[in-house]
Each structure stands twice: as C-alpha cells, then as structure tokens.
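Overview (structure and organization)
Residues per chain, in single letters:
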Protein chains: 4
Amino acid sequence: MSDHDDDGYEMPDREEFQHDPLGHAEVRGGMTVGELVEQYGHAGIGAADVHEAADIYAEMLADDDCTVFMSLAGAMVPTGMRKVVSDLIRDGHVDALVTTGANLTHDAIEAVGGKHHHGSQNHGEKTEREHDETLRDEEVDRIYNVYLPQEHFALFESHLRSEVFPALEEEGTVSIADLCRELGRANSEVNEREGIEEDAGVAAAAYEADVPIYCPAVQDSVLGLQAWMYSQTSSFSLDALADMTPLTDLAYDADTAGCLLVGGGVPKNFTLQTMLVTPGAYDYGVQITMDPAATGGLSGATLDEARSWGKLEKDARNTTVLGDATIMLPLLVAAARERIE
Amino acid sequence: MSDHDDDGYEMPDREEFQHDPLGHAEVRGGMTVGELVEQYGHAGIGAADVHEAADIYAEMLADDDCTVFMSLAGAMVPTGMRKVVSDLIRDGHVDALVTTGANLTHDAIEAVGGKHHHGSQNHGEKTEREHDETLRDEEVDRIYNVYLPQEHFALFESHLRSEVFPALEEEGTVSIADLCRELGRANSEVNEREGIEEDAGVAAAAYEADVPIYCPAVQDSVLGLQAWMYSQTSSFSLDALADMTPLTDLAYDADTAGCLLVGGGVPKNFTLQTMLVTPGAYDYGVQITMDPAATGGLSGATLDEARSWGKLEKDARNTTVLGDATIMLPLLVAAARERIE
Amino acid sequence: MSDHDDDGYEMPDREEFQHDPLGHAEVRGGMTVGELVEQYGHAGIGAADVHEAADIYAEMLADDDCTVFMSLAGAMVPTGMRKVVSDLIRDGHVDALVTTGANLTHDAIEAVGGKHHHGSQNHGEKTEREHDETLRDEEVDRIYNVYLPQEHFALFESHLRSEVFPALEEEGTVSIADLCRELGRANSEVNEREGIEEDAGVAAAAYEADVPIYCPAVQDSVLGLQAWMYSQTSSFSLDALADMTPLTDLAYDADTAGCLLVGGGVPKNFTLQTMLVTPGAYDYGVQITMDPAATGGLSGATLDEARSWGKLEKDARNTTVLGDATIMLPLLVAAARERIE
Amino acid sequence: MSDHDDDGYEMPDREEFQHDPLGHAEVRGGMTVGELVEQYGHAGIGAADVHEAADIYAEMLADDDCTVFMSLAGAMVPTGMRKVVSDLIRDGHVDALVTTGANLTHDAIEAVGGKHHHGSQNHGEKTEREHDETLRDEEVDRIYNVYLPQEHFALFESHLRSEVFPALEEEGTVSIADLCRELGRANSEVNEREGIEEDAGVAAAAYEADVPIYCPAVQDSVLGLQAWMYSQTSSFSLDALADMTPLTDLAYDADTAGCLLVGGGVPKNFTLQTMLVTPGAYDYGVQITMDPAATGGLSGATLDEARSWGKLEKDARNTTVLGDATIMLPLLVAAARERIE
C-alpha cells in the first residue's frame, strides 16, 4: 500500500523492505550527549547502532526487575574507563561484573597510589622497537600508548602481600570472587587510610556495594602471578570452579536479565555461557566490540549467534556497536544516564 | 627529576616517557558533547584521539586565516550525514569540498523529493543473497542497511535532463566543478519551487555559499552514468583536468590550510595531493577512517605518511580517529562547534 | 532423514542446516599451492572462502566465453604485485583492467628504470613523525613501508613529456584509455630501448595484448598532476566520459562476464556499475578486500549487495576473501593457474 | 654512497632509508607453498610479513635447543585447524600448548565421533536472527558458519563422566593440565577402541607425545561447565594456580625459547607472561592476529610492545601476520615444513 508521509513524500509501494524513511542527523554546539544520540537515530550504519544500543541499555537500567551483568575485557582500566565503571557500580547499575586480572591489577595500582601515564608512542626519539628496548632498560611497561613504571608493580605486590593474601590464607582454598572481594576491601581501606585523592576504583566500589566480581582467567595477569608466588610458600590456593555456583544462581534467580558486554574475550563468553546451565536467557544484550563477525572468533560474534546457543532469549532486544570501547562506553553510559535520570 | 604532583603522587624519575599521568573519564547524564570530549582527553587509546581531533578541528575553524578543505567519501549522504555537511557549508566552515559522485547523486535525490529508507537487513524473511534477489525483483537498491527504490533514480534522471544538463550543454565541454555547481543550483531551485520540506542539501548549500565542489571520479556514479548517456546525443562533455587549476589556486593562496578528511578513497587523496604542486602544505589535518594503516592502502594511511610527501607541513598538528564516520563526524562537529560558538 | 556417511558417522537429523561435515585441513612440506587451497576447502571461516574464491576464479578463467574484468585498487604495483598482474594480462586472463592513477604511475616508474625500496618503517632511528620529517628533507616519499626517492618522479615526468604527451597532443582531447594505451606503448618501447632488465609492466603488457585500461580517477595521481600541468601549455586534454562507451560495449557483448576485484575504491565500483547500463550482469564475482561490510562503504560491500543493484546475475557464483591483497592475490592466482594449466 | 646494482640500477644516495629495492612477486601454476612464500619476500606490506614469519618460524623449528610454546585461541579446532596442530605436536614441533576450553571441547567431540558441520549462514531461508531462532528450536549451536548439533554435547558429557572425571576424582583437587592430560588419554583410548577413522586430535596427540596443555580459563567453556557440574556432587576440583609452576620451569630451563601465537586472548598473554617471572625471555616470536594494534587490546598488541615488559629478548626476531588464522596458520606451517624437512 502506497501512501504519503507528513512531508507529502509518497511512500514507495513494496512488500520487501521497511517503509521508514531515513532522516538526517543534525548537530549543534552545546547539545547534550543524549541529544546527539537521538540524532544518530535518524542516520544509518554505525550511528543507528549506537542509538539502538543506548535505547536498549537505558531500558535495561530502568527495568527494576532486571539483573544487569557487565563484562569488561582488556585494557579498559589502564586506558581511563575506571571511573565510568565504578560509578555504574556505585549507582546500582551493575549486579555482577566479569572482568580480567589485568583490569583488577591496574585498578588496584591506582587505588594504592600508583598512576598510569600518557606514553610517548608518537612523540619519542626511537622506533617502536628501539623505544621498547629503552623502556625495558628504564623499567617501564607499555600498553599501546599507556605507560606504567614497574615500581608500581612493586607497590602492588606489597599491597597484596600485606593487605590481601594473609587474610585469605587462613581459609586455604578460596574462590576467585573471594580474592576479588578481599582485594576490593583492601583497596578501599588503604585508599582511605592513605588519604589518596583518587577514587578507590572498581574493586572497591564492588566491595562497598556488595557486587560480586568474577575473573575466570585471573592467573593470566600480574595479580595471578602474585597469587601463584604467594601460594608457593603458603596454604593459599584458588578454586577454579567455585564461582560458577553463585553466578549461575544469580542468573537463575533473575526475573529479567541483561548484559552489557564491553569487549570480547573470556569476560564476554563467561557472561553469556552461564545461561547454558540456566533455564532462562538474557532478555537484553548490548555489546561493544572492534572485531568483525567474519573472523569467526567469539569476540566479534553477533548476539544473534548467541541466540542459537540459548544464551539470549529468542525475543531479546540486542545490538552490537562496532567501535573503540574507550569512545563508545562513555558515550553509551552518558546517553543512557540522561534518559533514565 | 622526580617530583610530586598536586595529589601528592610522586612522579617516577625517567628520561624516556612523558610524565603526564592518565586520568579517568567521568560521565554524567545531561552532559554536553563538548564535556564528554573533554573527558575523553583524560583517557587513552581512541578516546584520546577523539579529544585531540576535536581540539585541532576547533582550532582550524576558529582560525580566520585558515582555508578549510573537506573531503567526504563513500556513503555519507545516504547514511544520514547530509545535513551535518550542509550546515558546515552554510556556516562558512568549508572552503572547498571534495567528494564522490555517489554522495552528489544521493544528495540530489533527496533535494528533489526522494528518500532513502531504513532497510530490513536484519529483519526480513530471507538470507542476504535471497533478500538481494528479491530486492532486485522489487527494484530496490541496497547500500548495506539503507534502501533506495529505483524510481528515485528515474526522478533523478528527469531532474538532470530537464534542469541540469541543458544549461551546461551550451557551453560544450565543462569542468566537473561546473557540473556540481549547476547541480547545486538546480537542486536549490527545484527544492524551493516544489516546496519540499527537506533541506536542499550539500550541493545546494555549496551553490548558495559559493563553495566549490570537486568530484574527480564523477563518472564512477549514477550521476556520471547519466552525464555519459546525455553526452552521447549532445555536445556536452566533461573535462577531467580542468578543476585542478582552481583547486591548486585555492591551496596556493591560503595563508594557513587545514583539512578534515571523512573517509579515504579518491576524495582523501585528491585533497592531499594538491599540496604536491603548491609551495605550502596543510597546517592542520584531521581524518576519520575505519581502515588500519597496516593494509598499506591510502585510505588508512596516517597523516604522518602524508608528511613525507610534503602534503602536510612538518610542524602541522594532525591526528587520526579510527571509527565509523556516521558516529565520529557528528561527534567531532558538535564538540568543535561547542568550543568555537 | 538420518543416515551414515563413509566413516560410519550418523548424520544428525535436521531440517535447517546443511549436512556436510567439516573436515580438517592437513598440510605437509612441499605441497603445491593448489593442494593447500584444496585443504582450505575442508576448513571453515576464511579458509573456506579462499577455496571457494579459487574455484570460482578458475572456472571463470577456464570458460572461453567469459569476458574477464579485473579491478586493481590502491598500492598494488608499488607493493610488488606488478608482475602477477602483467603475467595475467599476457596470458590472456584479463579482458579489461580498471585501476588507479597511482598504479599506473608506479608501474611506469619501474618500466623506465626506477625502483621502489623496502623502507625502514620499523628499523630506523626516529618516530613515525620524525622519520617522515627526515624523509621529507631527503626527498623520499613513503607508502607505508615502501619508499620512493623523488628523483624517480622526475624520471617519470621526463618520460611523460618526451614519450607520451606529445603524441597525444596532436589529437587534442583524448580519452583516459587513450592515455593509458599511449603510456603502455611508451613504457614498452623505452624499456626495450634502454635494455632495462625488468618486465615492462602492466601498462606495457596491456598495450602489447591490446587490453584496454580504464582509470576513471586518473587526475587523482601524479600521472594526473603531470597531465594537468602539460595541459596548461598545450591543447592536450582528457575527456572524463569517453571511456564509458567501449567499457559498456565490452560488457554488452560478453556471453558470460566475470570480475576479479582486487581491493575496493573507484576501480571496484566502476567495474561493477557498468552493468547498470547493460542488460546482463556478472556471472562470476570474486573480490579481495580488507574492509568489513559493516562500515557501509562500497569497498567492503558484499557482492550479494551488488546483486540488489543488478550488477551481478541473480544466480552468479560469487564470494569475498577478507584479507591483505598482497597475500591473497598471488595465492588465488597460483591456485587457479594450477587448476587450469 | 651511490652505486649500481646487478641490473645497472643506480642506487639512490640517502642516509635515512634502507637500500634494498623491492622486487615483484611472480607466481605460476604448480608452485609449492614454500616457493610462493619466497615470492612474498619480494613484495611489501602483508606479503613481506608472511615471508618474514615463515623464516622466523622455520628457524625456530630447526633450532634443536629451542623450546617452542604455541598458543591457540578461539575457534581454531571447530574451523578445521585440528590436524594442523596435532601433526605439529606429533612431529615434535610443540613443547607446550596454551589453549582454550572451547578448543579442547570441540577437539574431544571429534575424537569420540561427533562432527562439526558446514553451516547455512549464507544459504538458508531466514535472516540471521530468525535462522538462529530456528537453530535454537532444532538444537543446533552456531559458531559463525560452523554448526554443531547439541546431541554431540551430550556425547561429550557422557565421555567426560565415564572416561575422564572419575579417574581424576580420586586425586581430589588437580591442576588444569592434569585434566587436559586425562582428557587426551581418554580421547586417544576411546578413539581407538571405537575404531573412529578420524585422527584422535590435539589433546590425544599431546598425551601421546607427553606435551603439556595449559588452559587457564578452562571454566569459560562447556568443558569447564561440565567440570563444575561434576564437582557439585564429588570431591573433584581444579586448582587455578598449579599449572604456573611447570610452565615457568619449562621457560626457565629453555636454552632458547620461541612462541607461535595463533590468535590473541588468554592463550597469547599467558604464553607471554610466563617470561615475567623467568630471567630469560622469548628469542623468537611469530603471531597471527586479525586485530590491529590501535585498539589497545592485548590481542592485537605488537610483539615490540611485549619487549617493553621483558617478555621478548631485546634482540629477539619477531613479526606479526595480520590475517585470518584459518588461512595463515596452514600457509606458515606448510612453508616452514618445506624449509626444514
């Protein structure tokens, strides 16, 4: 059926394609992030995905019955996303966090007074290789264009060995979530005790808000290396399987469930796979990734694919934003907050 | 030299790396786009690039002596970026536009009353191949998830043959910029005459503001196909080389020059290469691209590489934002406008 | 219907998915490229695409009635793909080549005795920016990790002004294909006259084999800049539209038509769009690209999308190989040659 | 100093850039993979990286004193790379394998008679979403374009509960490597007992060749879910830290060490990080990845970056191949085998 829209545009008469005409995004100085994201909704390609993602994420956060699982891969804490995440936790927008040992390591370093530094990747006096050789000599570790002096790892080691591991040692074998909670407690206490201006961070916020942190591959990090070294001379050990019970229980008990997946890797899959052993599945799914689906890897896999496994409900709202998470996560969070606050 | 910053943080003592500690981005509901981009400046990776790009672009726009060249590749008009560009032109923020025949084609279709449509890429009843077979039967052309009924091309053809080509035919062989200007004039007139609500678009804005449009590969588009068919039965023809004189003159006469490169392809290179035959070079360069440099293609090439060719001044400020232009262009423009307005 | 395959494997009983079990690629030292590509056929993801692409390409080449269009984008000649292409032309495997001014420029430089050099991108003593500043001082142009001393451009200019442009000048306005043919003739003659060991290259092979070269955006290159400068002081000029007639005729006259698209950009689209003004369409399509479809750009667009426009036949065999063309083009050509020779 | 090369080419006189001229790759039907890779060495961009990677990998394998660590991420087994890896293990080319629970799960499914299937991603009758809904109803799990009937997971569960877990239960808490070894033993035995034609796979080959498999995030997989469920009703458990001792010892004892990193994720980092607690570091490093470094993620991080952390020796030979591992791994292995055999 052909008809006219408000502008007098005669709608083409077709069976096959959706009839909504595309609009044109319009921007102005001083607009809010939420207004920008509304404008994205008039456009196509990635802009339309950002609009859809913000809409789903806002609905997920506004739904009081929705249990929100958040996964956080990679280098998000050392690249400046720490406070975005800790604020979400403090404001009750995260019910369980699944992350990497790297994020926990860098989060604790900042909590106890260390800092990451803007690097000189494009502004130094060496090639990448020579520059890295010099960094090695100067004991500075590089994460793309973020730099970390190695003495901060010594600070971190000292923190773990004095504040974190001893308390756990008495319990013998503990779960990884226990380690994360104890780390959060210690980060919070030291941060306050030492009067460090900086926010005590992700693990501290989770401890304070009683939000569990799951970190399946904790041994794949400096935190894990330290735990292993401590375990060599003590009765301390980590149970690789213990966390699956409370995580599954959380999924089981959820009236509705949503996930915000920041990056891929183990955090993404561990968040999704818990639905394989739960009758329900995610009702909402938003992911931010740089990886195209065509590689066949899980990191870039669509959430439709997850539907075939029963990880998402058949009628779940879901979308993927293809882009750099350091840009996209703050954008989505600001837009969703503007909507629900 | 080791010292303390304001927070009491003891700065590590190193030769090799920059001493600025990285901060943490902080977002809140209701913040402006400019405030968000300020927060990106505390973070690393892509977020830091967006901050730098907005800073350079704002400086370029605020510099009254700066001649601003803008390149616009690919599918930017059909995917909703048309008004962002036409507003930049109308507000005096573009001195020359280099674009594709595709953008001019889709811009004119909207100007004379056609519309693009949100497609059903993920919501139809067929696979991609079967869906495209059906679209073929139904005479709908697909650009990823944007759909265009083919009758809009008939409307466009009629517009060209009645309003655009006849006026040019008298002149015989004309430059491509002449064709673009005539197209802009015709778009503007028909749009007003027919009372079409929509903005008359990029070419119309350029015509009205007397900003030249260069389109080196115009024959690689439906506009070009139509021009060729018209040329078969008339004395009308296009000179492939004529535009290089005024473009080079504009570069030659610029006190300072800046470029905003949206996507790669011919528009990017043509904008850059004009400096090969000009004593000066770009003083500012910002590009938005999805292509990593490692492919070796010009589309993803860094602006540092352009420096080796003399396309950028040795001390030019420049940066690359890696991401989808439908997201990044509105974001950069909103942030830069907020800064300068 | 459930049954057993040769291994005694009981085939699962399903409606929805294809029943072929996936095998396992097996490699051994000394295997031929064709044998490797056969093994890819047992695997999934990209390997399966390479196998399919080689199969289609071999069928296209073996089909005596098939007119083969080849597009060649970007930096393929300066990065070492020149002889792969010229050998295909000499062996009758290309009926029309659509390429860039850049490829023609670098092809001619080699033909008359210039060379490209492996660069020091990762092995120099500077950062990228400083390195490019030094290259600028030393008059060396960089294409990612390929380096070109600027005196080779002077050699090229001299070649054009003595051997190529004067012959064309007498004809006044010529087509771009005329320029390409004249360039090929001159490359071939100078190469032989000077006794340069190197193959005379792509344009020379095309001249010798009477294969047309189309280069829609020729002005977007050093070749185009030189043509423009020559046109300033002579009656020489280029007609932007003239080539569309013989290209369309070739497509019109083809019994069956196939395209091998190496990279995206103008060469890809110009090769495809000729079918918009031809009753038929491509019967075979193989493309190599680094660009994911999700960007919405034409360079990464699937060939299924091209089907909606009528650029491919509804029943055309087609596939996309996602990868670096400097790796994938030699691989596909070697495998297809092994099959058909 | 300017001079002439063999062809009479006058070498340009410059300080800054390397003087080797680039050649032109040449391919012919029937050439071996090793010959193709030699030709890549004449080219630039990705082709040159493949040549360098094959050269380093061959040197690593030919060095009798070199301990070779191999990491294997993602979906390599379900996408057909299983026999490439098991043959490397059987031929003594792997001293330790670091992989994912997913690869072990899919490897075991094939070992006990299940199969993966070529899917209908591009050939079915539904959109991606609808197709996945149908797959859900039909109990078929999708990994991009590879399909797995869910009854194969039941087969796998039965295998684990009858052949694998009971033997481990007696030991109480075991290391993850113990689980992998027991799985390999059981795969090998069942495969032979049942007369399954197929190779018994990666874990079986590792068991037979006494090569350890490390799988830090084993709980992030169906294998891990099964282990957890079994642990609920038994004394069986997994120690998350125990494997770090033998892995570190292996690195400690190596005269020279090399790593072949296939994909990123936990396997890549776990392989690299063991050098953080070892005096030495890798002497050779080759990685295959689809991820550009600019994302800041570890998966795409260069091996130069790893040098800053002390994971690679300062003078280590290393390179990165950017591409699909299902294409690149067989190519590299075939070329390296041709060289050393």
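Residues numbered from 1 in each chain as written. Chains lettered and ligands numbered in written order. Predicted model: local features only at pLDDT ≥ 70, side-chain atom pairs only at ≥ 80, totals over all residues.

Basically, it comes down to this: UniProt positions are given in the numbering used here, feature names are shortened, and annotations may be inferred rather than shown by experiment.
Looking at an unreviewed UniProt entry, chain A carries the name Deoxyhypusine synthase-like protein, with the source organism given as Haloferax massiliensis. For chain A, the Sequence similarities (unreviewed entry) comment in UniProt is given as "Belongs to the deoxyhypusine synthase family."

**Topic: the interface of chain C and chain D**
Defined as follows: Placing a C-beta atom from the backbone of each residue, one calls two residues in contact when those atoms lie within 7 Å. The helix and strand labels rest on DSSP assignments: H or I over at least four residues marks a helix, E over at least two residues marks a strand, and numbering proceeds from the N terminus. In this count, Pro and Cys sit with the nonpolar residues alongside Ala, Val, Leu, Ile, Met, Phe, Trp and Tyr, while Asp, Glu, Lys and Arg are called charged and the others, Gly among them, polar.
Contacts between the two partners involve 71 residues from chain C and, on the opposite side, 71 residues from chain D. Secondary-structure elements contributing two or more residues to the side of chain C that touches chain D are α1 (33-40), α2 (45-62), α3 (77-90), β3 (117-118), α5 (128-138), β5 (146-149) and α13 (325-340) of chain C. Split into classes, the residues belonging to the side of chain C that touches chain D amount to 29 nonpolar, 24 polar and 18 charged.

**Looking at the pairing of strand β9 (residues 256-262) of chain C**
Residues and elements named next belong to chain C. Quick note on the threshold: Any residue whose C-beta has 12 or fewer other C-beta atoms within 10 Å is treated as exposed, any with 20 or more as buried, and any in between as partly exposed, C-beta atoms being built from the backbone. A pair of strands is labelled paired if DSSP reports no fewer than 2 bridges between them. If you view a crossover with the strands going away from you and the path from the first strand over the helix to the second runs clockwise, you call it right-handed.
β9 sits mainly inside the fold: six of its seven residues count as buried. Sheet analysis places strand β1 (residues 66-72) next to β9, joined by seven bridges and oriented parallel. Along β9, the bridge assignment pairs valine 68 with glycine 258. Where β9 lies against strand β10 (residues 282-289), five bridges are found, and the strand directions are parallel. Paired with cysteine 259 across the strands is glycine 285, a residue of β10. In this fold, β9 hands off to helix α11 (residues 265-273), which returns the chain to β10; that crossover is right-handed.

**Brief notes about the interface of chain B and chain A**
The interface is formed by 72 residues belonging to chain B together with 71 residues belonging to chain A. Looking at the side of chain B that touches chain A element by element, the count peaks at eight residues for helix α13 (residues 325-340) of chain B. Considering only residue class, the side of chain B that touches chain A consists of 29 nonpolar, 24 polar and 19 charged.

**Focus: the sheet that holds strand β2 (residues 96-99) of chain D**
Hydrogen bonds between backbone groups are what pair the strands of a sheet, and the pairing can be parallel or antiparallel. Residues and elements named next belong to chain D. Threshold: All axes are obtained by fitting lines to C-alpha atoms, using only the stretch in contact for helices, and the reported angles, taken between N-to-C directions, cover 0 to 180 degrees.
Spatial ordering of the open sheet is given by β7-β2-β1-β9-β10-β11, a layout of six strands whose pairing is parallel. Looking at strand neighbours, the two that pair on one side only are β7 (213-214) and β11 (312-322), the edges of this open sheet. Where strand β1 (residues 66-72) meets β2, four bridges bridge the pair, whose relative direction is parallel. Each residue of the ladder has a partner; that of leucine 72, found in β2, is threonine 99. Along the sheet, helix α13 (residues 325-340) contacts β9 (256-262), β10 (282-289) and β11; its crossing angle with β10, the most-contacted strand, is approximately 140°.

**A closer look at the nonpolar core**
Just so we agree on the cut-off: A set of buried Ala, Val, Leu, Ile, Met, Phe, Trp, Tyr and Cys residues, joined through C-beta atoms within 7 Å, is what we mean by a nonpolar core. Either an automatic procedure or a domain database provided the assignment from which the domain bounds are taken.
Grouped together as the largest cluster of nonpolar side chains are 499 residues, with contacts concentrated most on Tyr57 of chain A together with Tyr57 of chain D. Two domains each provide a minimum of three residues to this core, namely domain 1 (20-62 + 243-341) and domain 2 (106-209 + 219-240) of chain C.

**Thoughts on the relation of the copies chain B and chain A**
Note the threshold: For this overlay, a least-squares fit was computed on C-alpha atoms, restricted to residues scoring pLDDT of at least 70 in both copies.
Superposing chain B onto chain A takes a rotation of 180° combined with a translation of 0.0 Å along the rotation axis, leaving an RMSD of 0.0 Å. The relationship between the two copies is best expressed as a two-fold rotation axis. No C-alpha of chain B approaches the rotation axis more nearly than that of threonine 32 of chain B, which lies at 1.9 Å. Residue by residue, 99% of the interface of chain B is reproduced at the interface of chain A, so both copies engage with the same surface.

**So, the sheet that holds β1 of chain C**
Residues and elements named next belong to chain C. Ordered by their spatial adjacency, six strands build an open sheet running β7-β2-β1-β9-β10-β11, and the pairing between neighbours is parallel. Every other strand in the sheet has two partners, leaving β7 (213-214) and β11 (312-322) as the edge strands with one partner each. Relative to β11, β10 runs parallel, the two sharing seven bridges. What sits directly across from valine 286, in β11, is threonine 319.

**A closer look at the confidence of the model for chain A**
Rule in force here: Values of pLDDT, the confidence the predictor places in each residue, fall between 0 and 100.
When pLDDT is averaged along chain A, the result is 90, and 93% of the positions lie at 70 or above. This prediction of the complex comes with two scores: 0.93 for pTM and 0.93 for ipTM.

**So, the environment of lysine 311 of chain D**
Residues and elements named next belong to chain D. As for its placement among the helices and strands, lysine 311 is situated in the loop between α12 (303-308) and β11. We classify lysine 311 as buried; it has 24 C-beta atoms within 10 Å. It is 45 Å that separates the C-alpha atoms of lysine 311 and glutamate 133, two residues lying 178 residues apart in sequence. With sequence-adjacent residues up to four places away left out, lysine 311 is seen in contact with Leu272, Gln273, Met275, Leu276, Ala281, Tyr282 and Ala306.

**Side note on helix α4 (residues 101-111) of chain D**
Residues and elements named next belong to chain D. Among the eleven residues in α4, eleven count as buried, and that is most of the element. Three or more residues of α4 are buried, namely Gly101, Ala102, Asn103, Leu104, Thr105, His106, Asp107, Ala108, Ile109, Glu110 and Ala111. Directly beyond the C-terminal end of α4, a positive phi value near 110° is found at glycine 113.

**Focus: the packing of helix α7 (residues 176-193) of chain A against helix α8 (residues 201-209) of chain A**
All names here are of chain A. Rules: Angular relationships are summarised with four words: roughly parallel below 35 degrees, roughly antiparallel beyond 145, roughly perpendicular across 65 to 115, and oblique for the angles in between.
Viewed as axis vectors pointing N to C, α7 and α8 meet at an angle of 105°, and their least axial separation amounts to 7 Å. The angle between the axes of α7 and α8 places the two elements in the roughly perpendicular class. Of the residues in α8, those touching α7 at Cys180, Arg181, Leu183, Gly184, Arg185, Asn187, Ser188 and Asn191 are Gly201, Ala203, Ala204, Ala206, Tyr207 and Glu208.

**A closer look at unusual backbone geometry**
Most peptide bonds adopt trans geometry, and most residues besides glycine take a negative phi value. Located in the positive-phi region is isoleucine 45 of chain A, a residue other than glycine, with phi close to 50°. Mapped onto the elements of the fold, isoleucine 45 of chain A is located in helix α2 (residues 45-62). The class for isoleucine 45 of chain A is buried, based on 28 C-beta atoms found within 10 Å. Positive phi, normally seen in glycine, also occurs at aspartate 210 of chain D, with a value near 60°. With respect to the secondary-structure elements, aspartate 210 of chain D resides in the loop between α8 (201-209) and β7.

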